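Examining the three-dimensional arrangement
Here is how the chains run, residue by residue.
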Amino acid sequence: MFTPGSKFFLGLTGFSLAVCVLYIALVDNATGGAVALLSIAAASGVVAGLSLFNRDGEVAVGDTAAPAGAEQLPSSMWPLIASVGFVGVVAGLITHPIVFFLGLIALLAAGTEWLVQSWSEGASSDKAYNASLRGRMLHPLEFPVLALVGLGIIILSFSRVMLAVSRDAGAIIFIVAGAVVLFVGAIFALKPSLKKTLVVGICVASAVGVAASGIAAASNGLRDDLVKAKKEHHFSHKECGEEEGEHFDHLAEGTISMRSNPIATVELRDGKLTARELGVDKVTQTITFPRSNDATIIFRNKDEKEARLTAYLGTKAVQDGVVEEVLNCTQMIGIDHEQALTFKIAKPSMASEKPYTLTVPGLEGQSIEIMVP
Amino acid sequence: MSTTTRRIVAGVSGLAATSFLAGCAKDAPQDTWQPKGSNAKIIDDLQQPVFAIAGVVGVIVFCVVVYCIIKFRDRGQAMPEQTHGKPALEIGMTILPALILAGVGVFTFRTVFDLSKTSDTQMVVNVTGQQWWWEYDYPAQPELGITAPIITSGQMVIPVGTKVLLRETSRDVIHSYWIPALNGKRDAVPGRVHTLRLDADKPGIYAGQCTEFCGLSHANMRMETIALSKEDFAAWVANQLADAKSPAENTLAKEGEAVFLNQCVRCHQVNGLKKADGTPAIAAPDENVWSGAAPNLTHLMSRNTFAGASWDLLNKKCRADVWGASSETVGKKYLAGVSEECLNQTDLRRWLRNAPAMKPMYADPKQLTPTNGKYRGMPNLGLSEDDIDKLVAYLSTLK
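On a predicted model such as this, the values are computed, not experimentally measured, just so you know.

1. A word on the overall build of chain B
- The secondary structure content of chain B amounts to 11 helices and 12 strands.
- In summary, chain B has a C-alpha radius of gyration of 27 Å against a globular reference of 21 Å for 399 residues, an excess of more than 25%.
- Taking the principal axes of the C-alpha coordinates as reference, chain B spans close to 95 × 50 × 45 Å.
- By the burial criterion, 37% of the 399 residues in chain B qualify as buried.
- Residue pairs in contact within chain B that sit at least 24 positions apart in sequence constitute 68% of those at least 6 positions apart.

What follows is the structure, given as structure tokens:
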């Protein structure tokens with residue numbers, strides 16, 4: 001009943017399963033090894049089934065041989081991709097989810113393509129008809145996916161280039177690239193007689209060039225000012241001491257998200273600090289701040305020198321018997337500039353010995369009280 | 001008429017009649033067709049004609065489709081002559097809807113701008129949504145008698161005929177504030193402040209509900225706006241500004257205060273409540289609740305509802321008396337608060353006994369890993385019946 005080949009693979013399956021059971025029972029944190037052993041068991045089990053089904057590939061009496069001169073079916077790359085996908089799925093289970101999902105996508109794509117191709121190749125004896133049948137089934141799926149992947153690669157590559165080069169170089173590259181695309185596109189449109197191979201060659205070379213530039217730029221990393229800006233905590237500055245940050249919003253209300261976002265705007269003008277709450281058309285020295293909720297204040301400097309806004313947010317115990325003030329500050333804001341300051345106050349005003357306040361260091365007798373109900 | 005046809009006609013007629021009669025419901029506090037404030041009227045002035053136009057177009061299309069289905073149904077007749085295109089009809093059928101939409105668009109834009117006007121605001125209330133209740137804090141506005149910030153929840157109280165600006169935000173996920181009788185919806189988004197204007201023509205209780213799906217108990221996140229006359233509003237403000245008074249010694253309520261200090265003050269603030277050493281008891285919801293806040297209970301019994309306005313603090317009889325009151329008497333009845341006779345002890349006790357059993361919340365300690373051990377909503381505190389008796393007695397004093 002069992003062929004020699006199938007016996008070998010069935011034995012391997014049983015052995016793998018037995019080892020897997022022992023491994024799980026005896027080894028702590030056995031997930032990775034168990035997955036590997038189960039994968040071996042599954043793979044050898046499938047091969048055992050195949051081996052059993054085709055009797056180890058031996059021709060039996062009564063089998064009909066293929067007619068002489070019968071056309072061989074073209075080779076297919078899908079089994080190879082499917083196996084790569086399967087390996088990716090298994091490897092991803094013990095390494096990283098991204099590997100798992102890439103493997104799964106490859107497995108599903110290869111499975112679908114393989115299935116439809118096999119079905120279409122057996123539809124008739126006419127190769128051209130079979131190919132058109134396959135196209136009708138798969139092209140509506142293949143073309144959008146390929147376009148998406150291609151565009152995604154080009155956009156991602158181009159963005160890496162723009163983040164790696166200086167601002168000025170970025171602007172020049174953008175203008176030049178746009179002009180080249182427009183020019184080449186116009187040539188293609190005006191000269192429909194151009195050889196198809198030439199058009200395809202130009203497009204492929206350009207795409208490869210952009211992708212290669214993207215890879216080179218990505219391996220080079222972000223340009224210096226972006227690296228530094230990334231280290232600074234935008235909107236949650238705590239620079240109440242020596243100035244470090246450079247990359248912050250100099251005109252915070254100019255950004256769309258800030259227009260409806262701030263709970264109040266605090267302005268320094270002619271040595272006076274005043275506030276305006278959102279929706280209330282009058283100045284005030286007291287603003288109400290939501291409790292336990294991040295909220296944003298915009299500080300606008302209309303004075304004649306640089307200034308920073310400091311928020312006093314109560315105290316916190318740093319060790320037994322030692323408390324320190326909790327401060328949050330903007331950077332030093334230039335004249336006519338502004339910055340958003342986001343913070344959260346968890347306790348109501350009644351929990352603080354001193355009122356929560358907004359002040360400008362060096363400006364005596366001026367403060368905005370923050371009421372937290 | 002065949003039996004099948006008769007059944008279809010009867011079924012369709014029944015559905016139509018049911019839909020028509022549903023529109024006659026009297027107890028429909030969230031009816032969008034009964035505006036009670038100027039902004040709601042602005043919306044109504046737009047939606048009435050738009051609905052009429054849409055209705056007429058809908059009826060015409062429906063009739064034409066039904067006519068075609070019946071008139072040209074397959075009766076075995078020969079295939080009629082097929083023609084391609086009819087430019088005059090096609091152009092006409094493109095231009096006519098475009099004109100209708102352009103007309104509707106003009107009035108819609110005007111309405112949007114009218115609704116966004118805030119320059120003549122007379123009062124401000126900060127509205128904060130969180131899973132699953134609404135908090136209202138009133139900044140100090142001395143011209144309205146609000147000399148210090150007021151904080152309350154569930155029911156927002158406003159003076160009648162006053163243009164109130166709501167500044168909405170959220171502490172956790174996106175919610176949406178909607179009192180249909182007073183204005184349209186506005187999302188409350190974490191990290192942002194959105195404005196919405198309300199005003200009420202007459203004193204009354206106007207119901208609403210969160211209209212942005214916000215998690216397990218979204219359906220239990222309700223709210224009411226209470227519009228009071230200027231005099232009644234002044235009385236309400238005066239009461240809200242006062243601290244809670246400690247109950248008399250040797251009473252059940254005093255024992256309840258001790259239970260409150262032991263269990264509830266971890267999250268719920270009662271202004272004026274003092275610890276045994278005489279220092280103020282400050283709640284720390286930021287350490288226990290994911291959203292960082294829990295309702296302030298200083299004047300719990302001045303509200304008619306609790307638990308996200310989903311359950312009544314008033315029993316059925318008293319609730320019907322307040323909600324059914326005329327605009328002349330509703331203020332006085334609301335300001336009377338929840339008396340001992342009117343307290344809905346059943347639901348309040350059920351809530352204290354096991355809150356998550358009444359309102360689905362992420363209160364199972366086993367499910368708190370994603371929130372670093374903090375609750376979303378009130379957990380089951382495992383209170384004894386004795387403690388519940390004491391707490392009810394204490395809470396009843398928070399007028």
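2. Structural notes on the domain arrangement of chain B
All names here are of chain B.
- Once the domains are mapped, chain B shows domain 1 (30-57 + 101-229) and domain 2 (252-303 + 338-395).
- Measuring from the centre of the C-alpha atoms in domain 1 to the corresponding centre in domain 2 gives 29 Å.
- Across the contact, 15 residues belong to domain 1 and 14 residues belong to domain 2.
- Put simply, the parts of the chain that give the side of domain 1 that touches domain 2 at least two residues each are β2 (133-138) and β3 (150-153).
- Sorting elements by how many residues they give to the side of domain 1 that touches domain 2 places β3 first, with 3 residues.
- Counted by class, the side of domain 1 that touches domain 2 contains 4 nonpolar, 8 polar and 3 charged residues.

3. Description of the sheet that holds strand β5 (residues 295-301) of chain A
- Strand order across the open sheet formed by 5 strands is β3-β2-β1-β5-β8 (chain A), with mixed pairing between neighbours. This sheet does not close on itself; its edge strands, each paired only once, are β3 (283-284) and β8 (338-343) of chain A.

4. A short note on the interface of chain B and chain A
- Of the residues lining the interface, 27 residues belong to chain B; the matching set on chain A comes to 21 residues.
- Looking at the side of chain B that touches chain A, the elements that each hand over two or more residues are β1 (123-130), β5 (164-170), β8 (194-198) and α6 (285-288) of chain B.
- For the side of chain B that touches chain A, the per-class residue count stands at 11 nonpolar, 11 polar and 5 charged.

5. Here's the deal with the nonpolar core
- Among the nonpolar cores identified, the biggest contains 76 residues, and B:V125, B:I158, B:L166 and B:L228 are the most heavily contacted of them.
- For this core, the domains that each give at least three residues are domain 1 (30-57 + 101-229) and domain 2 (252-303 + 338-395) of chain B.
- Dropping the residues within four chain positions of it, B:I158 is found in contact with B:M123, B:V164, B:L198, B:A200, B:T225 and B:A227.
- If you look at the next biggest cluster of nonpolar residues, it comprises 30 residues, including A:V266, A:L268, A:I297 and B:V193.

6. As for the packing of helix α5 (residues 252-263) of chain B against helix α11 (residues 385-395) of chain B
Residues and elements named next belong to chain B.
- α11 packs onto α5 with a crossing angle of 105 degrees between their chain directions and a minimal axis gap of 7 Å. It follows that α5 is roughly perpendicular to α11 by the angle criterion. Contacts between α5 and α11 involve L252, A253, E255, G256, E257, V259 and F260 on the former and, on the latter, D387, D389, K390, L391, A393 and Y394.
- Of the residues that constitute the contact of α5 with α11, the class distribution is 7 nonpolar, 1 polar and 5 charged.

7. Focus: the sheet that holds strand β9 (residues 356-359) of chain A
All names here are of chain A.
- Here 5 strands make up an open sheet; going across it, the order is β4-β10-β9-β6-β7 and the pairing mixed. Of all strands in the sheet, those bounded by a partner on one side alone are β4 (286-288) and β7 (322-329). If you compare each strand with its neighbour and ignore which way they point, the axes differ by 35 degrees on average.
- In this structure, β9 lies alongside strand β10 (residues 368-371), joined through 3 bridges in antiparallel fashion. Across the sheet, residue L358 finds its bridge partner in β10, namely I368.

8. As for helix α2 (residues 31-53) of chain A
Residue and element names in this part refer to chain A.
- Its 23 residues give α2 an end-to-end C-alpha distance of 33 Å, which sits within 8% of 33 Å, the value for a rise of 1.5 Å per residue.
- Inspection of α2 places L37, S44, A48 and S51 among the buried residues, and these make up the whole buried set.
- Packed against the buried residues of α2 are α1 (4-26).
- Following α2 by one or two positions, R55 has its phi on the positive side, about 50 degrees.

Each value, and the rule that gives it
Residues numbered from 1 in each chain as written. Chains lettered and ligands numbered in written order. Predicted model: local features only at pLDDT ≥ 70, side-chain atom pairs only at ≥ 80, totals over all residues. Helix = DSSP H or I, 4+ residues; strand = E, 2+ residues; numbered from the N terminus. Rg over C-alpha atoms; globule rule 2.2 N^0.38 Å. Buried ≥ 20, exposed ≤ 12 C-beta atoms within 10 Å, placed from the backbone. Contact = placed C-beta atoms within 7 Å. Domains from an automatic or database assignment. Nonpolar A, V, L, I, M, F, W, Y, C, P; charged D, E, K, R; others polar. Pairing = 2+ DSSP bridges. Core = buried A, V, L, I, M, F, W, Y, C linked by C-beta atoms within 7 Å. Axes fitted to C-alpha atoms, helices over the stretch in contact; angles between N-to-C directions. Parallel < 35°, antiparallel > 145°, perpendicular 65-115°, else oblique. Expected span 1.5 Å × (residues − 1).

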